[in-house]
Amino acid sequence: MIRRYKFRENNPIKHGISWNTQISRVFTSALVIQLGCMLWGILGTYSGYAQIKDSLSRDSVGTTIVPEDYKIKKSVEDSIIYTKIKNRFSKNKILNEIYGALFKDVYNQNVAGQEIVKVEQNPFQEYEGRVIRHIYVKGLRVFGESVIDTNRKAKGFEKLLSAVHTNTQEGVIRKSFLMFNVGDIIDANRLRDNERLMRNSSILHDARIFVEPDDQYPNLVDLIVVTQDVWSLIPDVNFGGLNRFDISINQVNFRGLGHSWRNTFFMNYNEKPALEYATSYTIPYIGRSFITGQAELSFRRQTSRYALRFFRPFLTPEMKMAGGFEVSHDRDLRVTTRGYDATTLKINDTTLLYFPSARNYIDLWLARSYKLPFLSAANQARTRLVVGIRYTGIHYTQRPQVTADTNQLFRDRSEYLFGIGFSNRRYKRDFLIYGFGITEDVPYGYLATFVAGAENSDAYGRRWYSGIKLARGHYLPKSGYLYALVNIGAYSNGTTGFSIESNYFSRLMSMKKAQLRHFVNFRYAFGTQRYTGEYLNINGENGIQGINSDKLWGSKKLTLGYQSVLFSRINFVGFRLAPFFQLDFAFVTPRNQFLFTKAPYTGVGLGIRLRNENLTFNTFQLKFTYFPNLPDIGMLNVAFSDTYNLRLKDFDISAPEIVPFR
């Protein structure tokens, strides 16, 4: 039980209400779209950070909230070319404002990476056991301010753009994102986990918790929670021609409530009806329960979807209960598969078939975590034994013919699973990994799980299942980070899946005007007696970046990728530039064929990525790729596209699951 002391809390922070909170949703959306078109060159400005007002002081307004341990050393001076531009622009007031908006060193961390070493020690440890007297919440401007450097302030366009954005409401931060209350006893690990959870939220660019002690009452402390939103409303247009395009408006922080609402309109004047629509709404945390709720609706000519889900994973090792519930109905008239040939009634791996389908889906799981009292105090705090159960039911209302050896992917089935596992989860703060300068929480530790259960289906009857999962992640001394994962699963009728993967990134290497990291990834997977039409492929993220071919498939594969990324200090209108080099190798073969029969499929790429961490855009990249031996794919490819926002894999255990075959 948490001991709690009651205090009367008077928050001295006064927040003005942004003008746009008074206008309608439709007008806000239209206005931001127009601003996005007119002010594209200044949307992402990430310069000039504002000093947090003294109103965050314990008594009145007297102190800066950032302790010395959090202060970041000044970045290196601008390059010679920037200095010349600055000197010219400074002669004119307007040009000087433009320079300040366009050209700034985007990284707050020092070149030697000393910030990582400094913040790696838990900054809350010295306050362990003290009582929380007040909790102050401060939301910074979207542009121009920072939670880690209080000597910067917003200028010009930054103030204008921040005024258009509605910050997350203080009550939402207090009721849905904080894991502590006034009167609680300080738990250093809980505060640190709370920081990480806020930073991982889709609505927050960054977040920090600062502790302000009281010399007069050494047993009491005040907590200052400082958050900075991302720009929440960004349109997305996919243009396939004057007669075919779609427009999406994704509001990741609807009216400051923290809710995400995405609306997509598909236009195709060559079809009837010409207009299609899809929407999804997400509540990240319902109250202090940390339960996420999601609803999806999609009305399209060939597909439709209705889904509702609620889930609560083990966000921190401290959480005791986790669970999830999902119901959905899916219709797809475009399902394609290889395998059963209806004309010859034979298995044919090269035949492409089109099977309309419709299904009802239900999924329910519950898990409980337990401390292990026989471990040392340090390990006991971050290690848990997790026990979970799961039920999944799938029933098709439209499908092709299903037998024990044809179209098993469309089988009606009920799955009952039981899982048990050990998990040790820790985190280190780092930067310039998959992000472009924001704080990234790197998980390290281990997990080991065992899953057993049964499946009842109209294709196989009853069959039993068992599987194991082993994972380990660790920072290597002076070398970088290494992650490894092994997945093995098998049914009693001989259907199996196996995969092993490993990811590595080097330490951040400092250069004169940039910083460099190397990335290596490896994956090997195979399966036996898999379902008709189910295969592994090496497209895109599954093997070779930038390809999508229906000929690169099989029952086993091996992929190896290397990438080096140069994080430059150039900041152009808020977008950070990162040139990169990519080299991919992949083997993939059908069953009964040796994996290394042919030379590996290869891709060699060179490009540049652009990203603004304050926006909800994905990372964009311009890439030139050479493919020497890929079927039906040109040898040279030039593409400007967005990329996935990658995250490192955590070591949490949640719902028992079947080993995925991919």
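Refer to the structure presented above.
Residues numbered from 1 in each chain as written. Predicted model: local features only at pLDDT ≥ 70, side-chain atom pairs only at ≥ 80, totals over all residues. Heavy atoms only, no water.

S.K.: Residue-level account of the overall build of the protein, with values.
M.R.: A count of helices and strands for the protein gives eight helices and 29 strands. In the protein, buried positions account for 51% of the 662 residues. Taking the contacts inside the protein whose residues are at least 6 apart along the sequence as the reference set, 64% of them involve residues at least 24 apart. A total accessible area of about 31,900 Å² is found for the protein, and carbon and sulfur atoms account for 58% of it. (Helix = DSSP H or I, 4+ residues; strand = E, 2+ residues; numbered from the N terminus. Buried < 20%, exposed > 50% of the residue type's maximum accessible area, 1.4 Å probe, protein only. Contact = heavy atoms within 4.5 Å. Areas by Shrake-Rupley, 256 points an atom, 1.4 Å probe, with all protein chains shown as cover.)

S.K.: Give a description of helix 7 (residues 188-200) that names residues and reports values.
M.R.: Taking 1.5 Å of rise per residue, 13 residues should cover 18 Å, and helix 7 covers 19 Å from first to last C-alpha, within 8% of that figure. Among the 13 residues in helix 7, eleven count as buried, and that is most of the element. Among all positions of helix 7, only Ala 188, Arg 190, Leu 191, Arg 192, Asp 193, Asn 194, Glu 195, Arg 196, Leu 197, Met 198 and Arg 199 are buried. By the N-cap criterion, in which a side-chain oxygen at the helix start approaches the backbone nitrogen of a residue two or three places on, helix 7 is capped by Asp 187, the distance to Asn 189 being 3.1 Å. (Expected span 1.5 Å × (residues − 1). Polar contact = N/O pair within 3.5 Å; in protein donor to acceptor, adjacent residues only side chain to side chain.)

S.K.: Hey, could you go over unusual backbone geometry for me, with residue numbers and the actual values?
M.R.: Across residues other than glycine, the phi torsion is negative in most instances, and most of the peptide bonds are trans. The peptide bond linking Lys 272 to Pro 273 adopts the cis configuration, its omega dihedral lying at -5°. Structurally, the position occupied by Pro 273 is in the loop between strand 6 (260-268) and strand 7 (275-283). Non-glycine residue Arg 255 carries a positive phi angle of around 55°. Its place among the elements puts Arg 255 in the loop between strand 5 (244-251) and strand 6. Classification of Arg 255 as partly exposed rests on a relative accessible area of 36%.

S.K.: Could you give an account of the packing of aromatic side chains, naming the residues involved and the relevant values?
M.R.: Counted according to the given criterion, the structure contains 23 aromatic pairs. Ring centres of Tyr 460 and Tyr 531 lie 6.3 Å apart, and the angle between their planes is 40°; on these two criteria the pair is classed as tilted. You can see Tyr 460 sitting in the loop between strand 16 (440-457) and strand 17 (461-476) and its partner Tyr 531 sitting in the loop between strand 21 (514-528) and strand 22 (536-537), a full 71 residues away along the chain. Members of the aromatic cluster, joined through ring pairs, are Tyr 434, Tyr 475, Tyr 481, Phe 505 and Phe 519. (Phe/Tyr/Trp six-rings, centres within 6.5 Å; stacked < 30°, edge-to-face > 60°.)

S.K.: Before we move on, could you go through helix 6 (residues 170-177) and cite the residues and values that matter?
M.R.: Every buried residue of helix 6 is accounted for by Val 172, Ile 173, Arg 174, Ser 176 and Phe 177. Where helix 6 is buried, its residues meet strand 1 (131-140), helix 7 and strand 3 (220-229).

S.K.: Talk me through the pattern of salt bridges; I want residue IDs and the actual numbers.
M.R.: Scanning the entire structure with this criterion turns up 26 salt bridges. Residues Glu 455 and Arg 411 are paired through a salt bridge, measuring 2.9 Å at the closest nitrogen-oxygen approach. Here Glu 455 is found in strand 16, whereas its partner Arg 411 is found in the loop between strand 14 (383-398) and strand 15 (413-430), with 44 residues between them in sequence. Because the salt bridges share partners, they merge into one network encompassing Glu 296, Arg 305, Arg 309, Glu 326 and Asp 330. (Salt bridge = Lys/Arg side-chain N within 4 Å of Asp/Glu carboxyl O.)

S.K.: Summarise the nonpolar core; cite the residues concerned and give the values.
M.R.: Counting residues in each nonpolar core, the largest one holds 56 residues, and the members touching the most others are Phe 180, Met 198, Val 225 and Tyr 481. Leaving out residues up to four positions away in the same chain, Met 198 has contacts with Phe 177, Leu 178, Leu 204, Ala 207, Ile 209, Val 225 and Thr 227. Counting nine residues, the second-largest nonpolar core is a separate cluster that includes Ile 547, Val 588, Tyr 601 and Phe 627. (Core = buried A, V, L, I, M, F, W, Y, C linked by side-chain atoms within 4.5 Å.)

S.K.: Mind laying out the side chain of Thr 264, listing which residues take part and the relevant values?
M.R.: The topology assignment puts Thr 264 in strand 6. For Thr 264, the side chain forms a polar contact with the side chain of Ser 248, separated by 2.9 Å. If we ignore the near neighbours within four places in the chain, the residues touching Thr 264 are Ile 247, Ser 248, Glu 276, Tyr 277 and Ala 278.

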